[in-house]
Amino acid sequence: MLCSDSPLKGVAGITARDDFSAIEVRELRKRYGDMTAVDGISFRVEPGELFGFLGPNGAGKTTTVNILTGVSLPTAGSASVFGHDVVKDPFRAREAINVVPEVSNAYPEYTAWSNLMFTASLYGVHRGEAEQRAEELLRAFGLHDKRKVKVKGFSQGMRRKLVIAMALINRPRVLFMDEPTTGLDVQSVLSIREMVRDLNRSGITIFLTTHNLNEANILCDRVAIINRGKIVAIDTPENLKSAARRVQAVEVSFDRMSPETEVEVASLAGIKEVSRRGDKLRLLTDDPSAAVSALARFAGERYLAISYINTPGPSLEDVFIQLTGTGTSTSRGGDR
Amino acid sequence: MIAEALSPERLGKELRRALVIAGKDIRIYCLKPPVLLFGLVFPFFLFLAFFVGKRGPIEEGIPGLICISVFFASSNIAPAGMPFERMTKTFSRYLSAPLSLTWMVFGKTLAGFFFGVAVSVIPLLVGIIGYGTSVTSPGLLILALLAGGMCFSCLGTLVGSMPTEAPGNAMTVLNFVRLPLLFMSGIFVTLEEMPAWARGLAAVSPLTYANDLLRRGTGFAGYYGWWLDLLVLLLYATAFFFIAAWIFNLSRRRS
Ligand SMILES: Nc1ncnc2c1ncn2[C@@H]1O[C@H](COP(=O)(O)OP(=O)(O)OP(=O)(O)O)[C@@H](O)[C@H]1O
Ligand SMILES: [Mg+2]
């Protein structure tokens, strides 16, 4: 959707040190009273990577982004962006980054144009350059004819796009995006994902949080799975999936299904996890053939007819369920 | 890194960014209803109610009117804006921008300062044109407006630093602080006319000193030395500012 000399191209190199990781996080911890939101996480993101941070609600994704971008201070541990510590040398660290926060926080009283100009001057972008870049970004994001409209009157999707444009006005080397597609319609989701890919291709390192497995799977070079403040796995989507090959999935559907069916199936021998997918149940097991026999016996005893049964390959979701012990709420059916 | 943080180049960048924040705040908040109501209209009527009730000559009250205007206008921008910005999460933009927390707080404070000083020109002109106020000492008058504006704006920033997302809460606290400071000051009753205990109380209110300095600038007798007025205003400003910056940092630790 964006041509080769796209405005999303080109990254300023002013404050970066090239021999450093784009993001380095060491034993980062954040406590709120007795609650530990981020529990000693460590990872590195290399320059040019599109890094996914995947986890269910409340896992600690936003907390991590807030610490990395200076909105919040860590309780312990450290983090740096291109070698600049985010707490000790925040000025340099923040000159190299920008952020698309969880909530689209453009100034509602300002027009799209003024929002871009304000952000540019806050990051020290010179007026002439800012104006040119704002023009380009507004066109690329399809907001050019709305540039003189106050953000108050923007739809959620328009706000999201504007906030992404605002985050690009200073040509950041690292872009943090906290659930950039949540709450948008299919078309906006697809166009934002396309933008994310283009941005990454143009050389921007992207740290993207999501609770959508499909999104992590199709966008990211590497994915860290975070649950209850701890990183439970970091790898490429494909490696994570093959890790799950040890565990197989069985999908089954009966002619009559009640919530009790789900509970009863979960208690069958050899079944590790059960999650509901529309009219199907998805089971995880070490031994699919034993599971299929057990299901057949179960159906016989209860006078249920099996209307569908399948043993599909592992999905990222299986890895996720296995690693986090949560599941159903983190992905919608058909989203694989 | 400390030497770098204090380099002229860095300080210049941060000052410019602080001014950017100040400019934006003035543009967005100076016409918001709470600012118009509590920053401009309310102090004017307050003044009328008290001064006209006293039946004194209006021209005697002009320095007081100017003082009240700066006081209410300067201290109003931050408490009106910040809770709203916390609610819309625009506040986090400043925290992730490349300028230190102290400079960000300074930018927020400058907004109130500029607004208050600009607003004070209205009663000053009313005094000069309508009531023959004479600016006998322009230097002291300007110092009074600048130091007063800064001090009261820092007070506003301090109130704005309380971590609420409801502008109403901050306005309530603000008026809860402002009205006592106003009534204890030497504005409605001059310091000479006060009993000793009231004079002691007045000495606590920064308004007393701003008013004293304004009176000297417009040809009335002062009570304290002009340097003492100035010193106290600056000390209050510094204290308000750094307590506010400390609270902002604390809430970053808690958020
Ligand atoms: N300011 C705060 N005070 C107290 N607890 C907080 C605060 N912010 C977050 N938490 C808690 O920290 C945990 C992690 O929250 P966080 O917002 O980082 O999750 P998340 O992974 O971004 O979730 P979501 O997908 O819902 O956005 C949650 O349990 C949350 O309740
Ligand atoms: Mg979140």
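Residues numbered from 1 in each chain as written. Chains lettered and ligands numbered in written order. Predicted model: local features only at pLDDT ≥ 70, side-chain atom pairs only at ≥ 80, totals over all residues. Heavy atoms only, no water.

Helices and strands together make up the secondary structure of chain B, namely twelve helices and zero strands. In sequence order, the secondary structure elements of chain B are arranged as α-α-α-α-α-α-α-α-α-α-α-α. The C-alpha radius of gyration of chain B comes to 18 Å, within 12% of the 18 Å expected for a compact globule of 255 residues. Taking all 255 residues of chain B together, the buried fraction comes to 54%. In chain B, once contacts between residues fewer than 6 apart in sequence are set aside, the share between residues at least 24 apart is 77%. (Helix = DSSP H or I, 4+ residues; strand = E, 2+ residues; numbered from the N terminus. Rg over C-alpha atoms; globule rule 2.2 N^0.38 Å. Buried < 20%, exposed > 50% of the residue type's maximum accessible area, 1.4 Å probe, protein only. Contact = heavy atoms within 4.5 Å.)

A:F141, A:L162, A:L175, A:I206 and B:M104 are the most contacted members of the largest nonpolar core, which totals 127 residues. Look past the residues within four positions of A:I206 in its chain and what remains in contact with it is A:E49, A:L50, A:F51, A:L175, A:M177, A:V196, A:L199 and A:N200. One finds A:L28, A:A96, A:I97 and A:F176 within the second-largest nonpolar core, a separate group that totals 27 residues. (Core = buried A, V, L, I, M, F, W, Y, C linked by side-chain atoms within 4.5 Å.)

With 29 residues of chain A at the interface, the matching set in chain B holds 31 residues. Across the chain A to chain B interface the summed buried area is about 2900 Å²; carbon plus sulfur atoms make up 58%. It is A:F91, A:Y107 and A:L122 that lose the most area in chain A upon contact with chain B, and together they represent 23% of the buried surface on that side. A:E95 serves as the salt-bridge partner of B:K13, at 3.7 Å between the closest nitrogen and oxygen. At the junction of chain A and chain B, the tally comes to 15 residue pairs in polar contact (both at pLDDT 80 or more). Top contributing element to the side of chain A that touches chain B by residue count: helix α3 (residues 112-122) of chain A, with five residues. (Buried area = accessible area lost by both parts, 1.4 Å probe. Salt bridge = Lys/Arg side-chain N within 4 Å of Asp/Glu carboxyl O. Polar contact = N/O pair within 3.5 Å; in protein donor to acceptor, adjacent residues only side chain to side chain.)

Looking at the metal site, the magnesium ion (ligand 2) is ligated by A:T62 (OG1) and A:E102 (OE), spaced 1.9 to 2.2 Å from it. Here the residue A:T62 occupies a position in helix α1 (residues 61-68), and A:E102 occupies one in the loop between β6 (97-100) and α3, the gap between them amounting to 40 residues. (Donors = N, O, S within 2.8 Å, 3.2 Å for Na, K, Ca; no water.)

Turning our attention to the side chain of B:R17. In this structure, B:R17 sits in helix α2 (residues 8-29). The exposure class of B:R17 is buried, given its relative accessible area of 3%. Setting aside residues no more than four positions away along its own chain, B:R17 makes contact with A:F91, A:E95, A:S121, A:L122, A:Y123, A:G124, B:P98 and B:L99.

Near ligand 1 lie 15 residues; those nearest to it are A:G58, A:K61, A:T62, A:T63 and A:E102. More than a single chain frames ligand 1: its nearby residues are located in chains A and B. One of the side-chain N or O atoms of A:N57 is found 3.0 Å from an oxygen atom in ligand 1. In the model, an oxygen atom of ligand 1 is placed 3.1 Å from a nitrogen or oxygen of the A:A59 main chain. Of all the elements in the fold, those that place two or more residues in the shell around ligand 1 are β2 (35-45) and α1 of chain A. Per-element accounting of the shell around ligand 1 gives the leading share, three residues, to α1(A). Considering only residue class, the shell around ligand 1 consists of five nonpolar, six polar and four charged. (Near = heavy atom within 4 Å. Nonpolar A, V, L, I, M, F, W, Y, C, P; charged D, E, K, R; others polar.)

Moving on to the pattern of salt bridges. All names here are of chain A. Counted by the stated rule, this structure contains 26 salt bridges over all chains. E194 is the salt-bridge partner of R197, the closest N and O atoms lying 3.2 Å from each other. In this pair, R197 and E194 both sit in helix α6 (residues 186-201), three residues apart, roughly one turn of the helix. Judged by relative accessible area, which is 25%, E194 ranks as partly exposed.

Another point: the sheet that holds strand β13 (residues 280-285) of chain A. Residues and elements named next belong to chain A. The strand order across the open sheet built from four strands is β12-β13-β11-β14, with neighbouring strands paired in antiparallel fashion. Looking at strand neighbours, the two that pair on one side only are β12 (271-277) and β14 (306-310), the edges of this open sheet. Recorded for the sheet is a direction-independent mean angle of 20° between the axes of neighbouring strands. Across five bridges, strand β11 (residues 248-254) lies against β13 in antiparallel orientation. Residue pairing across strands places A249 opposite L284, the latter belonging to β13. (Pairing = 2+ DSSP bridges. Axes fitted to C-alpha atoms, helices over the stretch in contact; angles between N-to-C directions.)

Taken as a whole, the largest pocket encloses approximately 640 Å³ of empty space. Together, 31 residues line the largest pocket, and A:V71, B:K89, B:S92, B:L95 and B:S255 are the ones closest to its centre. Every element with two or more residues in the lining of the largest pocket is listed here: α1, β6 and α3 of chain A together with α5 (77-87), α6 (91-96) and α12 (226-254) of chain B. Among the elements that line the lining of the largest pocket, the one with the most residues is α6(B), at five residues. Split into classes, the residues belonging to the lining of the largest pocket amount to twelve nonpolar, eleven polar and eight charged. (1 Å grid on protein atoms, 1.4 Å probe; cavity = no way out; pocket = protein on both sides within 12 Å on 5 of 7 lines; lining within 4 Å. Points joined across faces, edges and corners; volume = space filled by probe spheres on them.)

Moving on to the domain arrangement of chain A. Residue and element names in this part refer to chain A. As assigned here, chain A comprises domain 1 (23-238) and domain 2 (244-331). Each of domain 1 and domain 2 has a C-alpha centre, and these two points are 36 Å apart. At the interface, twelve residues of domain 1 touch nine residues of domain 2. Note on domain 1 versus domain 2: buried area summed over both sides is about 940 Å², and carbon and sulfur give 75% of it. When the area that domain 1 buries against domain 2 is broken down by residue, the three leading residues are P56, L213 and I225, summing to 49%. In this structure, the connection of domain 1 to domain 2 is made through zero residue pairs in polar contact (both at pLDDT 80 or more). In terms of residue class, the side of domain 1 that touches domain 2 is made up of seven nonpolar, five polar and no charged. (Domains from an automatic or database assignment.)

Right, let's get into unusual backbone geometry. For residues other than glycine, phi is negative in most cases, and the peptide bonds are mostly trans. Residue and element names in this part refer to chain A. Despite not being glycine, F82 has its phi angle at roughly 50°, a positive value. Of the residues examined, F82 reaches a relative accessible area of 1% and is grouped as buried. Of note, the phi angle at R171 is positive, near 45°, even though the residue is not glycine. With respect to the helices and strands, R171 occurs in the loop between α5 (156-168) and β7 (174-178).

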